[in-house]
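# Analysis of the macromolecular model
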Amino acid sequence: MSGPRPMLPDYGGGCLTSVVPALMAEDRGEFGPWLPAPARGASQVALLVLDGLGWHQLQERSDLAPTLSAMAGGAITSVTPTTTATALTSIVTGATPAEHGILGFKMHVGAGEVLNVLRWRTSAGDALETHPPSRFRALVPFAGETATAIVRSQFAGTGLTQVMLGGTRLRGWRVTSTIAVEVKRALAAGERFVYAYYDGIDNVAHEFGLSEHYDAELAYVDGLVDRLLAALPAGAALVVTADHGQVDVASRRSKVAPDVAAMTSFISGEPRFLWLHAQPGIDPDELAAAARGAHGHEAWVHTREDTIEQGWFGGPLRSAWLERLGDVALVAFEPTAFWDTEAHGELRLVSMHGSLTPAEMEVPLLAGRG
């Protein structure tokens, strides 16, 4: 195959899977230099997850984010795939995708049915009853310790929130200004660890791309970070990270080649990390060879077994979870998206993620004190 090599997660090192275990540890000195110094001796920690803020995008706009740029830290890796449902679950559980089982944005859940994990819907509609979130909850958040999670109010009852944050004290917000207020209140009440999530950067990137709207949103978020730092009590630290970065795909759309599509029964995953599910009787190696011949110039093509053996998901999968993946992964390394109108709808997102390029895989891990 042509093209660059995929950037794989640094599981066990500077990776999203390591962040919460490090921050909740009694002794943070055992963790590597990827953990910023201000977080090491903090008596309390607030973790802010900024959906969609990649390390590369932040570095390219450091002048727009003086507060974030002045914080200690650097880049760590996301997980595979670089998508919100998988990465957030890895953050809160401190586990690899292979350990928690949320293996993508749209997962196969049997009999050709694909679950949209963010909306918790299938083609038949709401799936809270047909696919109860409790069946997908393999691990508890924050190592089972008591913690406060501050998220958008409308996310509180979703299937993914039940999987990720069940058992935590949820505090909802409707306007961004209340995030700093809720974090301040939780820390003042003596919480040792507080989790907060903001999705504005990702929303803007999807709708407008990495343009002036993205720049304006980043500057706005930098102000939020400044307010959070000012709200910290003595001895507390603010830690900022993200679930994934972004790639602008506005000018590039790819379609699965006709011969490959003819060998494919249905698809799952997402446009930059597509899973092809082989037609009955089609050998996955045969499908992979066809996909590689048609798309090897723009994407990495691997069988499911290849991705697991190469450690993409951080270990072996439970046998019951294997069907959540397809037979062949089509993972774009060029700035393109494999958009299928039937599967993905008419909406044309401008910026996307999911693949294993540095722009999507590397995210910031920054820390500061008030």
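You'll find the structure just up there.
How each quantity is defined
- What you see as residue numbers is a count from 1 along each chain, following the sequence as written.
- Two thresholds apply to this predicted model, a pLDDT of at least 70 for residue-level local features and 80 or more for giving and counting side-chain atom pairs, whereas whole-chain, interface and lining totals are computed over all residues.
- Excluded from the side-chain calculation are hydrogens and water; included are all heavy atoms of the structure.
- Helix and strand labels come from DSSP, where a helix needs a run of H or I of at least four residues and a strand needs a run of E of at least two; each type is numbered from the N terminus.
- Atoms counted for the radius of gyration: C-alpha only. Globule rule: 2.2 Å times the number of residues to the power 0.38.
- Classification of residues uses two cut-offs on accessible area relative to the type maximum, computed with a 1.4 Å probe and protein chains only: under 20% is buried, over 50% is exposed, and between them is partly exposed.
- Contacts are assigned to residue pairs with any non-hydrogen atoms lying within 4.5 Å of each other.
- Accessible areas in this description were obtained via Shrake-Rupley with a 1.4 Å probe; residue shielding takes into account the shown protein chains only.
- Charge assignment in this entry is limited to Lys and Arg as positive and Asp and Glu as negative, and neither His nor the chain termini are counted.
- Lys charges are placed at NZ, Arg charges at CZ, Asp charges at CG and Glu charges at CD.
- The term salt bridge refers to a pairing of a side-chain nitrogen on Lys or Arg with a carboxyl oxygen on Asp or Glu at a separation within 4 Å.
- A pair of strands is labelled paired if DSSP reports no fewer than 2 bridges between them.
- Stacked, tilted and edge-to-face pairs are distinguished by plane angle, under 30 degrees for stacked and over 60 for edge-to-face with tilted covering the rest, among Phe, Tyr and Trp rings (Trp via its six-membered ring) whose centres lie within 6.5 Å.
- Inter-axis angles, ranging from 0 to 180 degrees, are taken between N-to-C directions of lines fitted to C-alpha atoms, where helices are fitted over the stretch in contact.

## Some points on the overall build of the chain
Each helix and strand counted, the chain has 15 helices and 17 strands in total. Relative to its length of 370 residues, the chain is compact, with a C-alpha radius of gyration of 20 Å against a globular reference of 21 Å. With the C-alpha coordinates aligned to their principal axes, the bounding extent of the chain is approximately 65 × 40 × 40 Å. A total of 370 residues make up the chain; the buried ones form 59% of that total. Expressed as a percentage of contacts within the chain between residues at least 6 apart in sequence, the contacts between residues at least 24 apart total 73%. Total accessible area on the chain is roughly 14200 Å²; 51% of this is exposed by carbon and sulfur atoms. Each charge sign in the chain was given a centre, from 27 positive and 41 negative side chains, and these centres are 7 Å apart.

## Overview of the pattern of salt bridges
One pass over the structure, following the stated rule, counts ten salt bridges. Between aspartate 215 and arginine 61 there is a salt bridge whose closest N-O contact spans 2.7 Å. On the criterion of sequence distance, the pair formed by aspartate 215 in helix α10 (residues 212-231) and arginine 61 in the loop between α3 (55-59) and α4 (66-70) is long-range, its members being 154 residues apart. Its relative accessible area of 10% is what places arginine 61 among the buried residues. A salt bridge links arginine 169 to glutamate 191, with the nearest nitrogen and oxygen atoms 2.1 Å apart. You can see arginine 169 sitting in strand β8 (residues 169-173) and its partner glutamate 191 sitting in the loop between α8 (177-188) and β9 (193-198), a full 22 residues away along the chain. Overall, the relative accessible area of 10% leaves glutamate 191 in the buried class. Several salt bridges share partner residues, and in doing so they unite Glu60, Arg61 and Asp215 into one network.

## Here's the deal with the side chain of threonine 176
Its place among the elements puts threonine 176 in the loop between β8 and α8. Discounting chain neighbours no more than four positions away, the residues touching threonine 176 are Tyr198, Tyr220 and Leu224.

## Quick notes on the pairing of strand β15 (residues 328-332)
Counting buried positions over the five residues of β15 gives five, a clear majority of the element. Of the two faces of β15, both are covered, the one formed by Val328, Leu330 and Ala332 as well as the one formed by Ala329 and Val331. Two elements, strand β13 (residues 273-278) and β15, share four bridges in a ladder whose sense is antiparallel. When the sheet's bridge partners are listed, phenylalanine 273 is paired in β15 with valine 331. As paired strands, strand β14 (residues 299-303) and β15 are joined by five bridges and run antiparallel to one another. Bridging across to β15, histidine 302 finds its partner in alanine 329.

## Digging into the packing of aromatic side chains
According to the stated counting rule, one finds nine aromatic pairs in the structure shown. Ring geometry for tryptophan 120 versus phenylalanine 136: centroids 5.2 Å apart, planes at 85°, classification edge-to-face. Of this pair, tryptophan 120 sits in the loop between β4 (114-116) and β5 (121-122) while phenylalanine 136 sits in the loop between β6 (125-126) and β7 (148-152), and the two are 16 residues apart along the sequence. Phenylalanine 136 carries the same exposure label as tryptophan 120, and that label is buried. In this structure an aromatic cluster arises from ring pairing among Phe142, Phe193 and Tyr195.

## Quick look at the sheet that holds strand β12 (residues 264-270)
Taking strand neighbours across the sheet as the criterion, the four strands line up as β12-β13-β15-β14 in an open arrangement whose pairing is antiparallel. Looking along the sheet, the strands with just one partner apiece sit at the ends: β12 and β14. The average undirected angle you get between the axes of adjacent strands in this sheet is 20°. Where helix α12 (residues 284-295) meets the sheet, its contacts fall on β12, β13, β14 and β15, and the angle it forms with β14 comes to roughly 175°.

## Here we look at the environment of methionine 361
With respect to the secondary-structure elements, methionine 361 resides in helix α15 (residues 358-361). The sequence separation of methionine 361 and glycine 157 amounts to 204 residues, and the corresponding C-alpha distance is 29 Å. Each residue touching methionine 361, except ones within four places of it in the same chain, is listed here: Met7, Leu8, Pro9, Ile76, Thr77, Ser78, Val79, Thr80, Thr82 and Leu356.

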